[in-house]
Each structure stands twice: as C-alpha cells, then as structure tokens.
Amino acid sequence: MDFTYDDEQEALREAVRGLVGKAYADFEQRRQTVKRDPGFDEALWGRLAEMGVLGLPFAEDDGGMGAGPIEVGIVAQELGRVLAPEPFLTSVVLAGGLVAAAGSAEQRAEVLGALSAGESVLAFAHAEPGSRWEASATAVSATQSEDSWTLTGVKEPVPHGARADLLVVSAALPDGGTGLFLVSPEGVARDGYPTHDGGRAARISFDATPATPLGVGGDATAHIESATAAAVIAAANEAVGAMQVALPTTTEYLTSRKQFGVPLNTFQSLSFRAADMYVSLELAQSVALWASMVLDADPASAQKAAARAGLQVSRAGRHIGQEAIQLHGGIGMTAEYSIGSYTSHLTALDHLLGDGNHHLAALSSAVGGYAEADPLP
Amino acid sequence: MQLELSPEDAAFRDEMRTFFTTEVPQAIRDAVASRQELSKDQIVESQRILNKHGLAVPHWPTEWGGQDWSPLRRHIWHEEMQRAGVPLPLAFNASMVGPVIAAFGSQEQKERFLPPTANLDIWWSQGFSEPDAGSDLASLRTTAVRDGDDYVVNGQKTWTTLGQHGDWIFCLVRTDPDAKKQRGISFLLIDMTSPGLTVRPIELIDGGVEVNEVWFEDVRVPAENLVGEENHGWDYAKFLLGNERVGVAPVGSTKRVLAQAKEWARATSYAGGSLLDDPMTASRIAELENELLALELTALRVVANSADGKPHPASSVLKLKGSELQQAVSELVVDLAGPASLASGAGDGSSLEQWQHRATPAYLNLRKASIYGGSNEIQRQIIAKTILGL
C-alpha cells in the first residue's frame with residue numbers, strides 16, 4: 001500500500017493549484033464571484049477545460065483524458081482548498097459520470113465532448129422534495145408514447161440547475177425502476193437561487209417535457225448508486241482540501257491574535273482543541289485517499305469505501321468547521337473573513353450526497369456480515 | 001498511490017500469518033483472545049519462539065538480531081502478531097532498553113545484554129516515573145552519586161509494570177543535582193537482586209497487581225552499567241519514548257477485540273433477537289470500525305514517512321487516537337455484557353461466559369492507556385507545539 005502521488009499526479013496538483021489557487025488566492029475574489037450569477041467564474045471554467053481538468057475522468061474516445069479517481073481526488077482537494085465554486089464535483093464527476101456509465105457511444109461523445117471542452121455545463125437533477133439521498137426517483141415520472149418520452153414532476157434542489165446547458169434527470173419508469181434521461185432545459189421552468197455556501201441550486205419543474213433516455217434506457221438505479229459513490233469520494237477529497245486550509249487558518253489566527261496581553265496559542269484550552277482538529281483531519285484524509293484508491297483498483301467495493309469516507313469526513317468536517325469558528329471568535333462569524341465560509345461549504349458537501357449518519361446506517365446494516373474492516377478489499 | 005500490497009509484501013504477510021497462527025501455542029493465543037492476564041512463563045515462552053525465528057526484535061540493528069525490513073514490513077509483522085493473539089515481545093526489552101543499548105551502549109554492554117534481552121533471558125523493568133515525576137518526568141529525584149567504581153542510588157520509582165518479574169531495571173537517575181532539570185540525568189542499568197532494592201506491588205482498580213513501586217536504599221551499581229555518557233540520559237529517554245509511541249497504537253489487537261465483540265453481541269439475546277441486530281449497537285460498532293480503519297490507514301501513512309527509524313511527528317496521533325479507540329472498544333464490551341459485567345469475580349462455577357467475567361476488569365485496566373507512554377494531554381501538547389507550531 002502506497003499513499004504517495006507519482007510525478008504526473010504531483011504535476012497535475014501543481015497545475016491546478018497554479019490556476020485555481022491563484023485565481024482565488026484573495027478570498028475577496030471568491031466572495032465577489034459567488035455574489036454574481038452563475039456563481040462561478042466562466043473564464044476560469046474555460047481555462048480548466050483547456051487544462052484538461054473537465055474531461056479528466058472520461059475515456060479519451062469520449063473526448064476525455066482517461067485519468068482515474070486519484071486524479072479526480074487531487075483536483076477536488078485543490079478546489080476545496082480555496083473553496084472554488086466551479087461545479088467540478090456536480091457537473092463533471094457526478095452528472096458526467098452518469099453519462100459516461102450509462103450513455104450510448106454517441107451520447108458520450110457528444111455530451112462528454114462538450115463538457116470536457118467547457119462548452120456545456122451539465123447538471124444531475126435527482127433530489128426531490130421529500131427524498132433523502134435515495135438512488136430512486138418518485139416525484140418525477142417518465143411517460144412513453146410510441147418512440148418518445150416525456151417527464152413530469154419537480155426536482156429540487158438541483159445543483160447549478162439554472163445555469164446548466166443540459167440536464168441528466170432521474171425519473172420513475174412506468175414499469176417500475178428509475179430511468180435516466182437527457183433533457184434540454186429550453187422551455188423548462190427553472191428557478192435558481194444561491195445556496196448558503198455561495199453555490200447555486202434550482203427548482204426545476206417538468207411538465208410533459210420531452211426527454212431522451214440515456215443509453216439503452218431502463219432501470220438505471222445501479223448506475224446512480226455507483227456514480228454517487230464516486231462523487232461521494234470526490235466530495236470527501238474536496239472536504240479534505242477545505243479542512244487542510246481551515247486548520248492552518250485557525251492556528252495562524254491563534255498565534256497572531258492577542259488577548260489579555262498574550263497570543264491566544266498560549267492558552268492550552270485552545271491549543272489542545274487545535275490538536276484534536278489535527279487528529280480529525282489526519283484520520284479523514286487517510287480514509288479519503290484510501291477510498292480513492294479503492295475506487296481506482298476495485299470499483300465493485302467502491303460503495304462501501306464511499307460510505308466509510310463519507311462517514312469519516314462528515315464527522316471531521318463538523319468537528320473542524322465548528323471549532324474553526326469557535327477558536328476564531330467573533331471574526332469567524334463574518335462573511336468578509338474566510339473561515340466561516342469553509343464551515344458553510346463543509347456543511348453543504350456533507351448534505352449534498354448523504355451525511356455521516358446516512359453512511360453510518362448503510363455500514364451498520366452490514367456490520368454482522370464480516371469479521372474485520374480490512375484496508376484491502 | 002497503490003492500494004494492494006506488492007506481491008512480495010503480500011507473501012510476507014502470508015508468511016507472518018502462517019507463522020504466528022501455527023508456531024505460537026494455541027493455549028497462549030487463547031489466553032490473549034479471552035483477555036486473561038498472561039503468566040510470566042507464557043510471555044517468556046512466546047518471545048523465545050519469536051526470537052528463535054528472528055521475529056522478536058526485527059527493528060534492532062541486524063548484527064543484534066534485527067531484520068532489515070521496510071517500515072511497511074515491520075508494520076505488517078506488528079499487526080499480524082496482534083491479529084493472531086500472539087503476545088507482543090516484552091516492550092521493556094524489545095522496544096525500550098534494547099534499542100537504547102544498541103544505539104548508545106558500549107560494545108561490552110551490547111554483547112552482555114542484547115542477546116539475553118532479545119531472548120527474554122533477562123526480564124527488564126522500566127524505572128522512569130516517580131511519585132512526583134509523572135508527565136513532568138524531568139523533575140525526577142532519584143539520585144546516583146559516584147563512589148569509587150560504583151554509583152550509589154537512592155530514591156523511589158513507581159508504576160513499574162510487571163516489576164515483580166524483573167531481573168534488571170533501566171533507570172533515569174539524577175547524577176548532577178546542580179544542573180537544570182533535563183541536563184543532570186543519566187541512564188543506568190541496575191540488577192534488581194542488588195542489596196537495598198525493594199519491589200512493592202500496587203493493587204489497581206481492576207483487582208490486578210501489574211504495577212509496582214521500586215525503592216532504592218544505598219544500592220551500589222557498577223559504573224560500567226552507565227549507558228552512554230553521564231548526564232545525557234534525557235536524550236536516550238527521548239529516543240526511547242519516541243519508539244514507545246509508535247508501539248502503543250495497538251490497531252491489530254483492538255481490531256481483534258472488536259471482531260470478537262461482534263460475535264459476543266451476536267450470541268447475546270436482546271429484545272427477542274440478537275444484540276447485534278439492535279440498531280444502536282450495530283451503529284456503535286460500525287462507527288468504531290470506521291475509526292479503527294482510519295487509524296490503521298493513518299499508521300500506514302506514518303510508517304511510509306518514518307525515515308531512518310525516527311518517528312514521524314504524527315506518531316502522536318497514533319498514540320492519542322489508538323488509546324482512545326482501545327478504551328472505547330473495551331467500554332463497548334462492558335455494555336455488551338450488560339448486567340453480566342458485574343460478574344467480574346465469578347469463578348469456574350459461574351453460568352456466565354468468560355468474556356463477561358473479563359469485560360469490566362479489562363475496561364478498568366485500559367483506563368491506563370491514555371496515561372502511560374506520555375499521557376494523551378502530553379500528546380496534544382506535542383501535536384500543538386511541534387506540528388501546529390502553537
């Protein structure tokens with residue numbers, strides 16, 4: 001077992017850090033970007049496409065770079081470090097991942113080609129009012145009439161749903177199961193709004209909206225489960241990146257801020273809590289990196305690995321996010337200063353694809369089926 | 001990044017697994033599995049089997065019985081041993097005084113002490129803590145005054161684990177009372193049969209007597225038993241404690257107890273079914289498993305980054321989290337036993353299971369884990385200062 005990145009992976013990290021890290025080096029730049037729609041920097045999105053980042057996980061035949069989960073994790077960490085609002089996770093990893101898994105060769109070439117080139121933003125419309133991280137859809141239903149399909153119902157919240165150029169939509173099939181469809185958003189009622197962490201989401205209402213089945217059609221629950229697992233692992237890496245910065249931001253504040261005539265780090269009640277944050281970060285990082293390796297080497301075990309990473313990172317994200325604000329004091333509450341936004345984004349990541357207890361429930365139900373949780377699947 | 005072990009390391013793991021599960025007597029491994037206190041004979045027998053096959057002190061220099069293994073292989077050796085329920089080589093010998101003598105001792109000391117130390121022909125005790133020198137170890141007051149060819153030692157050591165079996169004791173003693181704290185300390189090897197040396201047991205909250213007080217009244221120690229240089233003992237102690245922290249993240253044994261705990265839960269009736277089907281119990285086990293996995297993966301990351309035997313600063317994480325999880329699993333077992341956990345004093349006539357008898361004593365005994373080897377507050381201090389720069 002080897003946790004070190006090779007030279008090419010290090011080069012990817014440096015390149016992404018050089019681009020995204022530089023663009024958002026000043027937190028005020030990020031703050032201004034998320035204030036305006038679409039909530040991210042379109043020009044930066046284009047430069048990420050030029051760098052190959054937007055096609056990273058897709059096959060070269062589909063217009064991608066043919067890289068794997070380790071590389072996706074590296075990019076996610078770098079975006080997480082500066083809270084970059086570009087929709088790499090939801091558009092590339094999740095929605096793109098579904099097209100890559102379920103789409104026909106023609107759909108893959110067309111949709112992933114445009115996504116990789118930065119010409120098209122993709123969104124996965126899956127969450128429904130009343131749903132809670134299930135793989136199935138119920139509130140949006142698909143109807144077939146001869147050779148054509150239409151969708152009816154409401155999806156909300158859809159990450160970047162208002163900006164998206166193309167939607168991947170899950171819908172209940174007439175004969176049971178959940179299908180996946182490509183939907184052009186033209187003429188679809190979309191109400192977009194900002195999320196607490198500067199992201200974007202939308203309510204999307206379908207009313208006999210024409211839709212094209214992804215690939216051969218039929219029940220796609222298994223695809224949704226595996227694409228979600230890959231996205232959970234990428235999200236865990238993104239959260240690790242955010243925590244990697246939230247901790248030193250906090251410790252730097254502790255050494256610079258003075259009260260009672262001395263720097264705050266002289267108070268053991270504060271420095272010990274920072275030490276506990278470090279423990280949480282190290283453990284979460286270990287599991288996130290491991291889950292990326294599992295997804296790379298043994299995709300069949302990825303759902304369990306995703307649950308493990310999701311659980312560990314959820315616990316760590318809350319611990320570090322909450323303590324980071326508390327150790328800062330009042331300044332941590334302000335929107336102008338970065339640390340509170342880290343906590344806000346960690347909270348969003350925690351709830352996008354399943355929180356810690358959601359993952360724990362899945363792990364608990366299987367706990368009697370094996371003796372030890374072994375790092376090697 | 002590579003998930004699998006290399007074919008060579010996988011073969012090594014299989015070799016270790018086979019050895020530990022076939023060469024070490026089942027009775028000893030069963031005693032470990034049922035969390036009983038081991039006898040001196042069992043500990044000695046096990047270590048001699050390991051030593052005979054070069055597996056007692058692999059981290060020592062090769063000329064003294066060590067193996068030239070990668071940090072990963074050492075980790076695999078350590079984990080597989082715990083997994084099989086093989087008692088770890090006596091820490092005082094294998095992890096503490098042995099490496100110190102090998103690194104800082106004279107050639108004569110190495111030849112005299114290292115082979116019997118590896119083979120547990122000499123049982124070493126640790127003489128560090130004193131009644132007024134716990135976490136603040138450097139405030140120790142036991143003195144050694146040079147008198148001709150001897151040092152004359154006076155004072156008291158405490159928390160001497162398994163000192164009742166000890167043949168020799170390695171001690172930190174104050175040789176320069178005028179120097180500042182850390183500066184006047186020396187590392188001395190003392191024969192426990194020396195006149196003036198007394199061992200008194202201390203009964204602990206679990207009913208056991210695994211620790212002792214050791215008193216020194218004008219104990220004469222040949223000056224040749226000084227390790228390294230006079231007044232440099234603190235450096236050797238720091239070296240030793242760094243090694244100790246790596247060893248005290250008992251991932252493998254905690255995993256083994258947790259796996260057993262699942263079986264104990266499965267066999268326990270609850271609400272018309274099995275306790276393992278109780279959602280609260282299952283989620284508690286699943287969460288502990290996840291944290292243990294996180295700790296094991298972190299240990300693997302740390303071993304990969306430990307250059308030339310120097311512990312990675314993150315080894316404090318292993319000690320801190322490792323002891324917390326060891327304690328949390330022992331707490332789980334008490335809760336699984338439920339009312340049966342009261343039967344800690346039950347004998348052979350009991351209708352309850354042995355794991356139920358042992359649950360609470362093991363839990364109470366393991367409260368020590370966050371205190372010894374540098375208390376967890378000391379570990380937080382190390383993390384805050386050396387890693388976070390606070």
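Residues numbered from 1 in each chain as written. Chains lettered and ligands numbered in written order. Predicted model: local features only at pLDDT ≥ 70, side-chain atom pairs only at ≥ 80, totals over all residues. Heavy atoms only, no water.

Structural notes on helix H11 (residues 356-365) of chain A
Listed as buried for H11 of chain A are Gly 356, His 359, Leu 360, Leu 363 and Ser 364 of chain A. Take H11 of chain A and look down its axis: the buried residues cluster within an arc of 135°, on one side only. Contacts from the buried residues of H11 of chain A go to helix H7 (221-256), helix H9 (302-328) and helix H10 (339-352) of chain A together with helix H9 (279-304) of chain B. (Buried < 20%, exposed > 50% of the residue type's maximum accessible area, 1.4 Å probe, protein only. Helix = DSSP H or I, 4+ residues; strand = E, 2+ residues; numbered from the N terminus. Arc of directions from axis to C-beta. Contact = heavy atoms within 4.5 Å.)

Let's talk about the interface of chain B and chain A
Taken together, the contacts link 43 residues of chain B with 47 residues of chain A. Across the chain B to chain A interface the summed buried area is about 4200 Å²; carbon plus sulfur atoms make up 66%. For the chain B face of the interface with chain A, the top three residues by lost area are Met 1, Leu 3 and Arg 301 of chain B, together amounting to 22%. The interface formed by chain B and chain A holds six salt bridges in total. Taken together, chain B and chain A are joined by 16 residue pairs in polar contact (both at pLDDT 80 or more). For the side of chain B that touches chain A, the elements supplying multiple residues, two or more each, are helix H4 (71-83), helix H8 (251-266), H9, helix H10 (315-337) and helix H12 (376-387) of chain B. (Buried area = accessible area lost by both parts, 1.4 Å probe. Salt bridge = Lys/Arg side-chain N within 4 Å of Asp/Glu carboxyl O. Polar contact = N/O pair within 3.5 Å; in protein donor to acceptor, adjacent residues only side chain to side chain.)

Notes on the UniProt feature "domain: Acyl-CoA dehydrogenase/oxidase N-terminal" (unreviewed entry) in chain B
Here the UniProt-annotated "domain: Acyl-CoA dehydrogenase/oxidase N-terminal" (unreviewed entry) positions come out as residues 6-119 of chain B. Across residues 6-119 of chain B one finds 68% helix and 0% strand; the C-alpha atoms that close the span lie 31 Å apart. (UniProt positions renumbered as here; feature names shortened; annotations may be inferred.)

Let's talk about the pairing of strand E6 (residues 189-194) of chain A
All names here are of chain A. Looking at chain direction, E6 and strand E7 (residues 200-213) are connected through six bridges and run antiparallel. By the bridge assignment, Pro 194 is partnered in E7 with Arg 200. Adjacent in sequence and paired antiparallel, E6 and E7 are bridged by five residues, among which Gly 198 carries a positive phi angle near 90°. (Pairing = 2+ DSSP bridges.)

Some points on the side chain of Ser 280 of chain A
Assignment of secondary structure puts Ser 280 of chain A in helix H8 (residues 268-297). Not counting chain neighbours up to four residues away, the residues in contact with Ser 280 of chain A comprise Ala 316, His 319 and Ile 320 of chain A.

What to know about the domain arrangement of chain B
Residues and elements named next belong to chain B. Each domain of chain B was delimited in the assignment, giving domain 1 (7-89), domain 2 (124-231) and domain 3 (245-387). On a C-alpha basis, the centroid separation for the pair domain 2 and domain 3 is 31 Å. Taken over both partners, the interface formed by domain 2 and domain 3 buries close to 450 Å², and the fraction arising from carbon and sulfur atoms is 50%. If you sort the residues of domain 2 by the area they bury against domain 3, Ser 135, Ile 205 and Asp 206 come out on top, with a joint share of 79%. Summed over the shared surface of domain 2 and domain 3, the result is one salt bridge. The salt bridge partner of Glu 210 is Lys 368, with a shortest N-O separation of 2.7 Å. Across the contact surface, domain 2 and domain 3 share three residue pairs in polar contact (both at pLDDT 80 or more). In terms of residue class, the side of domain 2 that touches domain 3 is made up of one nonpolar, one polar and two charged. (Domains from an automatic or database assignment. Nonpolar A, V, L, I, M, F, W, Y, C, P; charged D, E, K, R; others polar.)

Quick notes on the confidence of the model for chain B
For chain B, the mean per-residue pLDDT works out to 93, and 96% of the residues sit at or above 70. Interface confidence for the predicted complex, given as ipTM, is 0.95, next to a pTM of 0.95. (pLDDT = per-residue confidence, 0-100.)

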